[in-house]
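Analysis of the macromolecular model
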Amino acid sequence: MSETPLTDATAAGLRADGSAAPPPLLEVRGVTKSFGHGRRRLTALDGVDVRVERGQTLGLVGESGCGKSTLARVVLGLERPDSGTVRFDGTDPFTLKGKELLAWRRRVQMVFQDPFASLNARMSATDLIGEPWRTHRDIVPTAQARERRVRELLSLVGLRDSDAHRYPNEFSGGQRQRIGIARALALDPDLIVCDEPVSALDLSVQAQVLNVLSELRERLGVSYVFISHDLSVVRHVSDRVTVMYLGKVIEHGPTEDVFDRPVHPYTAALMSAAPTLDVSGQAQDDEIQLRGEIPSPYDIPSGCRFRTRCWKSEARCAELAPPVVTRDGTADTGRDPHEGLCHFPLGAGPTEA
Ligand SMILES: Nc1ncnc2c1ncn2[C@@H]1O[C@H](COP(=O)(O)OP(=O)(O)OP(=O)(O)O)[C@@H](O)[C@H]1O
Ligand code: SF4
Ligand SMILES: [Mg+2]
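Cut-offs used in this document
Residues numbered from 1 in each chain as written. Chains lettered and ligands numbered in written order. Predicted model: local features only at pLDDT ≥ 70, side-chain atom pairs only at ≥ 80, totals over all residues. Heavy atoms only, no water. UniProt positions renumbered as here; feature names shortened; annotations may be inferred. Helix = DSSP H or I, 4+ residues; strand = E, 2+ residues; numbered from the N terminus. Buried < 20%, exposed > 50% of the residue type's maximum accessible area, 1.4 Å probe, protein only. Contact = heavy atoms within 4.5 Å. Near = heavy atom within 4 Å. Nonpolar A, V, L, I, M, F, W, Y, C, P; charged D, E, K, R; others polar. Polar contact = N/O pair within 3.5 Å; in protein donor to acceptor, adjacent residues only side chain to side chain. Areas by Shrake-Rupley, 256 points an atom, 1.4 Å probe, with all protein chains shown as cover. Pairing = 2+ DSSP bridges. Axes fitted to C-alpha atoms, helices over the stretch in contact; angles between N-to-C directions. pLDDT = per-residue confidence, 0-100. Salt bridge = Lys/Arg side-chain N within 4 Å of Asp/Glu carboxyl O. Right-handed = clockwise from strand over helix to strand, strands pointing away.

The name given to the protein in an unreviewed UniProt entry is Oligopeptide transport system ATP-binding protein, with Streptomyces iranensis as the source organism. Quoted verbatim from the Sequence similarities (unreviewed entry) heading of the UniProt record, the comment on the protein is "Belongs to the ABC transporter superfamily."

**Regarding the overall build of the protein**
The number of helices and strands found in the protein is 11 helices and 11 strands. Here the protein holds 353 residues, and the buried ones make up 50% of them. Long-range pairs, those at least 24 residues apart, make up 65% of the contacts in the protein between residues at least 6 apart in sequence.

**Some details on the site of ligand 2**
Around ligand 2 lies a shell formed by H264, P265, C304, F306, R307, C310, K312, S313, C317, C342, H343 and F344. Of the residues contributing to the shell around ligand 2, the split by class is seven nonpolar, three polar and two charged.

**Describing the site of ligand 1**
By nearness alone, every residue bordering ligand 1 is listed as F35, L42, A44, S64, G65, C66, G67, K68, S69, T70, H229 and P297. At 3.3 Å, a backbone N or O of C66 approaches an oxygen atom of ligand 1. Between an oxygen atom of ligand 1 and a side-chain N or O atom of T70, the distance comes to 2.6 Å. Relative to its unbound accessible surface of 640 Å², ligand 1 loses 61% to contact with the protein. Among the secondary structure elements, those contributing two or more residues to the shell around ligand 1 are strand 2 (42-52) and helix 1 (68-75). Of the residues contributing to the shell around ligand 1, the split by class is five nonpolar, six polar and one charged.

**Some remarks on the sheet that holds strand 3 (residues 57-61)**
Taken in spatial order, the eight strands make up an open sheet running 5-6-7-3-8-9-11-10, and their pairing is mixed. Each of the sheet's edge strands pairs with one partner strand only, and the pair in question is strand 5 (108-111) and strand 10 (324-328). Between one strand axis and the next, the sheet turns through 20° on average, direction left out of account. Taken together, the four bridges between strand 5 and strand 6 (residues 191-195) define a ladder with parallel strand orientation. By the bridge assignment for strand 6, Q109 is matched with I192.

**What about the confidence of the model for the protein?**
For the protein, mean pLDDT is 89; residues scoring 70 or higher make up 89% of the total. Within the model, pLDDT remains below 50 along residues 277-283, and this stretch shows one contact once partners closer than five positions in the same chain are excluded. Here residues 348-353 is modelled with pLDDT under 50, and outside its nearest four sequence neighbours on either side it reaches 16 contacts, counting other chains as well.

**Overview of the side chain of H264**
Mapped onto the elements of the fold, H264 is located in the loop between helix 9 (255-260) and helix 10 (265-273). From its side chain, H264 meets the backbone nitrogen of Y266 in a polar contact 2.9 Å long. Setting aside anything within four residues of it in sequence, one finds H264 in contact with I250, E251, F306, L341, C342 and L346.

**Looking at the pattern of salt bridges**
Taken as a whole, this structure holds 19 salt bridges when the rule is applied. Between K33 and D82 there is a salt bridge; the shortest N-O distance is 3.8 Å. With K33 in strand 1 (residues 26-35) and D82 in the loop between helix 1 and strand 4 (83-88), this pair connects stretches of sequence that are 49 residues apart. Among the residues examined, K33 registers a relative accessible area of 10% and is labelled buried. Of the charged contacts, one joins D336 and R240 as a salt bridge, the two residues approaching to 2.8 Å between their closest N and O atoms. On the criterion of sequence distance, the pair formed by D336 in the loop between strand 10 and strand 11 (338-341) and R240 in strand 8 (residues 240-245) is long-range, its members being 96 residues apart. When its relative accessible area of 3% is taken as the criterion, R240 is described as buried. When salt bridges that share partners are traced, they join R51, E53, R240 and D336 into one network.

**As for unusual backbone geometry**
At E196, a residue that is not glycine, the phi angle is positive and equals roughly 50°. By the secondary structure assignment, E196 is in the loop between strand 6 and helix 7 (203-220). If you check the backbone angles, L246 has positive phi at about 45° while not being a glycine. Along the chain, the position of L246 falls in the loop between strand 8 and strand 9 (248-254). In this structure L246 comes out as buried when scored by relative accessible area, which is 7%.

**Description of the pairing of strand 6**
Summarising burial for strand 6: five of the five residues are buried, a large majority. On strand 6, burial covers both faces: L191, V193 and D195 on one face and I192 and C194 on the other are all buried. Pairing between strand 6 and strand 7 (residues 223-227): five bridges, direction parallel. When the bridges of strand 7 are listed, D195 appears paired with I227. With helix 7 bridging strand 6 and its parallel neighbour strand 7, the resulting β-α-β unit is right-handed.

**Some thoughts on the sheet that holds strand 4**
With antiparallel pairing, three strands are arranged side by side in an open sheet as 2-1-4. Only two strands of the sheet have a single partner each, and these edge strands are strand 2 and strand 4. Taken over all neighbouring pairs, the strand axes of this sheet differ in orientation by 20° on average, direction set aside. Sheet topology places strand 1 next to strand 2; seven bridges connect them, and they run antiparallel. Each bridged residue has a counterpart across the sheet, and for E27 the counterpart in strand 2 is R51.

As structure tokens, this is what we get:
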């Protein structure tokens, strides 16, 4: 593919005093991942860059099939990229073996979308939360320590001691997701990848589970990659946002910048379709209707891959890969960059669209 990648590099990699900054907790650079063979080969990730700083939340957004879960699987070490690099705390996890690999696996955990499907119905909350300790035996070596730690984890996610011996069918959806979170915390990870963690829950319960996640961030310093279709949720929880379209990052930057002053027409369309938190019941006047369907991942449009649905598309968009447009911040200024890929970027905001 010939398109320019967006490089989500740490701003200059230097501190104000000129000393080298520590590497980001997670840095994914130029990662490409394809599936299938010959004519049935599709590129699920095409030169993807993402970065997560310690104690921060990266929101990952984009329509169905854009590659969010594939990227999550790469970050978790479950899927090896065809090319590009993954660095966790400066180390490439795909080079690790034996004890080092086991030690790394503890540091990155996952919270799944569906708390109904992802928990074994025949295991009690205690067994579910403590299951990861079967592989990582050294963390809580005695039965007494395990029992104590389960109680601590239940309390961290807002459940009671008496919940320890209950089974998944005795919990509500929100409570089940709390168990999923406690289980992700059992190995004391640095990074939790949350793939649509609240979308299977009732609206009223979503906010409670989001609060649990944000409290844990404050108390434990854990970082998140937060994948969601729900832009209002992403805005609420993320420090930075990365927007993907058909396997490519098309915009990234600090959350407020990306939401309030998008560079890319696709980002503007996604944001305009997002319900605001103060839902008035009124249709939004400024909603941008995207035309057409997402193209087949087997047949990605030339030039800019968004051009078949973009109202600003011109001849150049079909011929040339779009350039990187920097809206705010550069490596030189030390401010976190806000960048998009577009020949005709938006100016002041979505209303210009
Ligand atoms: N194991 C696989 N084999 C073949 N194709 C795959 C595989 N995993 C993912 N894909 C394809 O890769 C693309 C990206 O899929 P992915 O699941 O990462 O998207 P997503 O952004 O998570 O979508 P959703 O929002 O629906 O969860 C899709 O076209 C999907 O069909
Ligand atoms: S204006 Fe052109 S380059 Fe920019 S998003 Fe639209 S089609 Fe792509
Ligand atoms: Mg997915």
